[in-house]
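Below are the chains, spelled out letter by letter.
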Amino acid sequence: MAQPGPASAALDILGIGNAIVDVVASATEATLAEWGMAKGGMALIDTQRAEAIHASLTASVQTGGGSAANTCAVAAALGAKVGYLGKVADDEPGRTFAEDLKALGIRFPTAPLKGGDPTARCLILVTPDGQRTMNTYLGACVTFGEEDVDQASVESAAVTYLEGYLFDPPAAQAAFRRAAAVAHGAGRRVALTLSDAFCVGRHRSAFLDLITRDCDIVFANEAEALSLFQVNDVEEATRAFAATGKLVALTRSEKGSRIIGGGGVIEVPAAPTTVIDSTGAGDAYAAGFLAAHARALPLAECGRWGSVAASEAISHFGARPQADLKALVGA
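The following refers to the structure shown. Model, not experiment: these values are computed from the prediction.

**With respect to the overall build of the protein chain**
Piece 1. Along its length, the protein chain carries 13 helices and 13 strands.
Piece 2. By the compact-globule yardstick of 20 Å for 331 residues, the protein chain fits well, its C-alpha radius of gyration being 18 Å.
Piece 3. With the C-alpha coordinates aligned to their principal axes, the bounding extent of the protein chain is approximately 55 × 45 × 40 Å.
Piece 4. Considering only residue pairs separated by 6 or more positions, the protein chain has 73% of its internal contacts joining residues 24 or more positions apart.
Piece 5. Carbon together with sulfur atoms contributes 53% to the accessible area of the protein chain, which is approximately 13,100 Å² in total.

Shown next, in the form of structure tokens:
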């Protein structure tokens, strides 16, 4: 029997990732030093440190977050049909997270965790230069496992989008494999975002194996690409990605992005903007790219949509869109 193709998909994108409430606040370099934070990085923290940092923040903005969830929110704003899988607790932040997604028209079928850790949160400190330093308390989201991979949702999605941040727990790695198997069994595609250079460093061989065996589309920034292939030059990383035979979007901040695949490399310029907060730039880029890809637009246009979405994301605090993205991309 013929497998269904993308045209028959009920969803354009299904994100799978860490379901996290984002807490964004301004901070000085001195504040980062006081807490011993590595500027621009992402650190996993325990409950006690999370509560201490959270209590020290002033004028913070709290929204539903998590990398893949942010991608889903931006893609929905661009008109894509979107679903999301991720674990929250049966608590007030978890319910807020679920209501936030549903208000955006995003399908969220994952059952909440009963009687375990509270819903995760990411404390994001933004310095005056727009750099974001993330402190992540994973809480309930690390319990996501194979049993949470909603088969019907995966089978109905043209692309299942996997968030690299979720890759730390072994249960989540098994869930990724399961989701990829279900997606490919239904004739669908699988995308992966590497998420963070530190994350890549922890799971380099596993990520390479996942890309080789289970992925069709890969999103990475320069630091992640260099870490993945253990090279010092973006051209070497480009050649290494090309050798995988996958479709790759390599983002390069103000240098734009590079689309690798189909036997060639396409350079896409960055969309001009003023950087206020770089939180969610990569998430928004992936959303723009995949939303355009769902419309079967040319790869260069997919990259342009990604650049426009990313430029909007970094023009304000928070990772969720505040402007009319459809108008910005000319959809």
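Right, picking up where we left off after that structure.
**Things to note about the environment of Tyr285**
Piece 1. Mapped onto the fold, Tyr285 is located in helix H11 (residues 281-294).
Piece 2. Contact partners of Tyr285, with chain neighbours within four places excluded, come to Phe219, Ala249, Thr251, Ser257, Ile259, Gly303, Gly306, Ser307 and Ala310.

**Digging into the pattern of salt bridges**
Piece 1. This model, assessed by the stated rule, comprises 15 salt bridges.
Piece 2. Across the pair Arg320 and Asp100 runs a salt bridge whose closest N-O atoms are separated by 2.7 Å. Here Asp100 lies in helix H4 (residues 92-103) and Arg320 lies in the loop between helix H12 (299-313) and helix H13 (325-329), a separation of 220 residues in the sequence.
Piece 3. Asp100 sits in the partly exposed class, given a relative accessible area of 24%.
Piece 4. When salt bridges that share partners are traced, they join Arg177, Asp209, Arg213 and Asp214 into one network.

**Thoughts on the side chain of Ser153**
Piece 1. Among the secondary structure elements, Ser153 is positioned in helix H5 (residues 151-156).
Piece 2. Looking at Ser153, its side chain comes within polar contact range of the side chain of Asp150, at 2.5 Å.
Piece 3. If sequence neighbours within four positions are ignored, Ser153 has contacts with Leu11, Leu14, Arg107 and Pro109.

**Some words on H4**
Piece 1. In this model H4 runs 16 Å from its N-terminal to its C-terminal C-alpha over 12 residues, within 8% of the 16 Å that 1.5 Å per residue would give.
Piece 2. Taken together, the buried positions of H4 are occupied by Gly94, Phe97, Ala98 and Leu101. An end-on view of H4 places all buried positions within 95° of arc, on one side of the element. Across H4 from its buried face, at more than 90 degrees, point the exposed residues Glu92, Glu99 and Ala103.

**Comments concerning the packing of helix H3 (residues 67-77) against H11**
Piece 1. Relative to each other, H3 and H11 sit at 45°, their axes nearing to 8 Å. Classified by the interaxial angle, the pair formed by H3 and H11 is oblique. Considering the relative orientation of H3 and H11, their crossing is right-handed. When H3 is examined against H11, the residues Ser67, Asn70, Thr71, Val74 and Ala75 are found in contact with a partner set consisting of Asp283, Ala284, Ala286 and Ala287.
Piece 2. For the contact of H3 with H11, the residue count by class is 5 nonpolar, 3 polar and 1 charged.

**Some thoughts on the side chain of Glu163**
Piece 1. Locating Glu163 in the fold gives a position in strand E8 (residues 157-163).
Piece 2. The charged side chain of Glu163 is buried without a salt bridge, its nearest counter-charge being Arg320 at 9.6 Å.
Piece 3. Discounting residues that sit within four places of it in the chain, Glu163 has contacts with Ile16, Gly17, Asn18, Gly66, Ser67, Ala68, Phe176, Thr193 and Ser195.

**Some words on the nonpolar core**
Piece 1. The biggest cluster of nonpolar side chains holds 44 residues, and the ones touching the most others in it are Tyr84, Phe97, Tyr161, Phe219, Phe289 and Leu290.
Piece 2. Sorting elements by how many residues they give to this core places H11 first, with 8 residues.
Piece 3. What Phe97 contacts, discounting residues up to four positions off in sequence, is Ala19, Ile20, Gly64, Gly65, Ala69, Tyr84, Val88 and Phe108.
Piece 4. Counting residues in hydrophobic clusters, the runner-up holds 39 residues, among them Leu11, Ala183, Leu192 and Val200.

**Brief notes about the packing of aromatic side chains**
Piece 1. Applying the stated criterion to the full structure yields 9 aromatic pairs.
Piece 2. Measuring from ring centre to ring centre gives 4.7 Å for Phe167 and Phe207, while their planes differ by 20°; the resulting arrangement is stacked. Pair noted here: Phe167 is in the loop between E8 and helix H6 (170-185) and Phe207 is in helix H8 (residues 204-214), with a separation of 40 residues, a long-range link.
Piece 3. With a centroid separation of 4.8 Å and 85° between ring planes, the pair formed by Phe229 and Phe241 is classed as edge-to-face. Separated by 12 residues along the polypeptide, Phe229 in helix H9 (residues 222-229) and Phe241 in helix H10 (residues 234-244) bring together distant segments of the chain. Here Phe229 and Phe241 have matching classes, each one buried.
Piece 4. Three or more aromatic residues link up through ring pairs in this structure, and these residues are Tyr161, Phe219, Tyr285 and Phe289.

Rules used throughout
- Residues numbered from 1 in each chain as written.
- Predicted model: local features only at pLDDT ≥ 70, side-chain atom pairs only at ≥ 80, totals over all residues.
- Heavy atoms only, no water.
- Helix = DSSP H or I, 4+ residues; strand = E, 2+ residues; numbered from the N terminus.
- Rg over C-alpha atoms; globule rule 2.2 N^0.38 Å.
- Contact = heavy atoms within 4.5 Å.
- Areas by Shrake-Rupley, 256 points an atom, 1.4 Å probe, with all protein chains shown as cover.
- Salt bridge = Lys/Arg side-chain N within 4 Å of Asp/Glu carboxyl O.
- Buried < 20%, exposed > 50% of the residue type's maximum accessible area, 1.4 Å probe, protein only.
- Polar contact = N/O pair within 3.5 Å; in protein donor to acceptor, adjacent residues only side chain to side chain.
- Expected span 1.5 Å × (residues − 1).
- Arc of directions from axis to C-beta.
- Axes fitted to C-alpha atoms, helices over the stretch in contact; angles between N-to-C directions.
- Parallel < 35°, antiparallel > 145°, perpendicular 65-115°, else oblique.
- Left-handed = near helix turned anticlockwise from the far one by under 90°.
- Nonpolar A, V, L, I, M, F, W, Y, C, P; charged D, E, K, R; others polar.
- Lys, Arg positive; Asp, Glu negative; His and termini not counted.
- Core = buried A, V, L, I, M, F, W, Y, C linked by side-chain atoms within 4.5 Å.
- Phe/Tyr/Trp six-rings, centres within 6.5 Å; stacked < 30°, edge-to-face > 60°.

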